[in-house]
Every structure is written in C-alpha cells, then in structure tokens.
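So the chains spell out like this:
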Amino acid sequence: MIYGTVSEDCLECKASCKIMSAGAKYEYLWQDGVQYKKPTKMSAPEYIDKLLTWAGEQIADPALFPVEPGARFPHGFMKQVKVMYKRMFRVYAHIYHVHFDKIKSLGANAHLNTCFKHFIFFIKEFNLVKDSDLEPLQKLIDKFFIPE
C-alpha cells in the first residue's frame, strides 16, 4: 500500500530507479531460485513487482503457510519468512532513500513512518532481519529506540 503511493513516481524516475537501490551504497539484486537462479540486476519497479508477486505466492502456499487446524509449519519456515522480511525491508529502504520527498509532498510521511516503525518493531521482536541488512536506514531505526 505504501509503495502504491509512489509507484508511478518510481516508474517515471529513470535515473534513480533504474536499479533497485537504497542510495548509492546499497544495490539489491533479484533471485527467486526458479526464473532467476542467479542474482539479477533490475529496475526498482521490476524488483518490487517481482517481490510482491513472489511474497503473495509464498503466503498463498499452504505447504509453507498451513491453513488446516493443527497443521505444523514446515521445516525451513522461519528461514523463508526471514527472506521475505529482508526483501520487504528493501522496499522501505528504497522509498526512504529515493522517494521520501514525494511522500512528504503528498503529506504521507507520518503514515510511512508509522508503518515502518511497526514493521521494524515486529522484525526486531522476532529477529527476522539481520542488523547488517538494516544498515541503509539504521539512523532512522535508532531514533525509534531512544529511551524517553
């Protein structure tokens, strides 16, 4: 939903969205193990589209996310969930680094910050993303954990 706010901007933003990135230091490559067996460079809109499609397929797969009462989660469930959250973090990182001015101009920055804060608290609570993967937004994340 947050990405939908800037998706058109991302499609039109040829220079900064031609690769999936979070600033100059962080570039993200797509690999799904099926169609893309090797890490592949692509535009931000293409990466995000593939991520959202892939994540939707993962969540809809009852072998990974059982729907029957009493069914057990499969071996490797947490590993797959961690990959999903790491990739979703990358969308936030891209939005903050490339599209935050657009978000601000739309008056949606408080909404973005609230969604991201909840996302971060969730991944921290359940240790879903390594700290090294959070580096592109570490300064912002640190602000969430300042003691009052």
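Criteria and thresholds
The written sequence of each chain sets the order in which its residues are numbered from 1. A pLDDT threshold of at least 70 governs which residues receive local features in this predicted model, and a stricter bar of 80 or more applies before side-chain atom pairs are shown or counted, although totals over entire chains, interfaces and linings include all residues. Hydrogens and water are ignored here; the side-chain numbers use all heavy atoms of the structure. Helix and strand assignments come from DSSP, with helices taken as H or I runs of at least 4 residues and strands as E runs of at least 2, each series counted from the N terminus. A helix is expected to span 1.5 Å multiplied by its residue count minus one. In the analysis that follows, any N or O atom pair within 3.5 Å is treated as a polar contact, provided that within protein one partner can donate a hydrogen and the other can accept it, and provided that, for residues neighboring in sequence, both atoms belong to side chains. Contacts: residue pairs with any heavy atoms within 4.5 Å of one another.

Caption draft 1: Highlighting helix α3 (residues 44-60). Taking 1.5 Å as the rise per residue, α3 with 17 residues should run 24 Å; its terminal C-alpha atoms sit 24 Å apart, in good agreement. Between the side-chain oxygen of the N-cap and the backbone nitrogen of Glu46 there are 3.2 Å, and the N-cap of α3 in question is Ser43.

Caption draft 2: Highlighting the environment of Asn113. With respect to the element layout, Asn113 can be found in helix α6 (residues 109-125). When the C-alpha atoms of Asn113 and Val83 are compared, they prove to be 22 Å apart, with 30 residues separating the residues in sequence. At 2.6 Å, the side chain of Asn113 forms a polar contact with the side chain of Tyr96.

Caption draft 3: Structural context of the environment of Arg87. Along the chain, Arg87 turns up in helix α4 (residues 77-98). As for Arg87 and His75, which are separated by 12 residues in sequence, their C-alpha atoms are 21 Å apart. If we skip the residues at most four places from it in the chain, Arg87 touches Trp30, Gln31, Tyr47, Leu51 and Trp54. Within the structure, the side chain of Arg87 is placed 2.5 Å from the backbone oxygen of Gln31, a separation counted as a polar contact.

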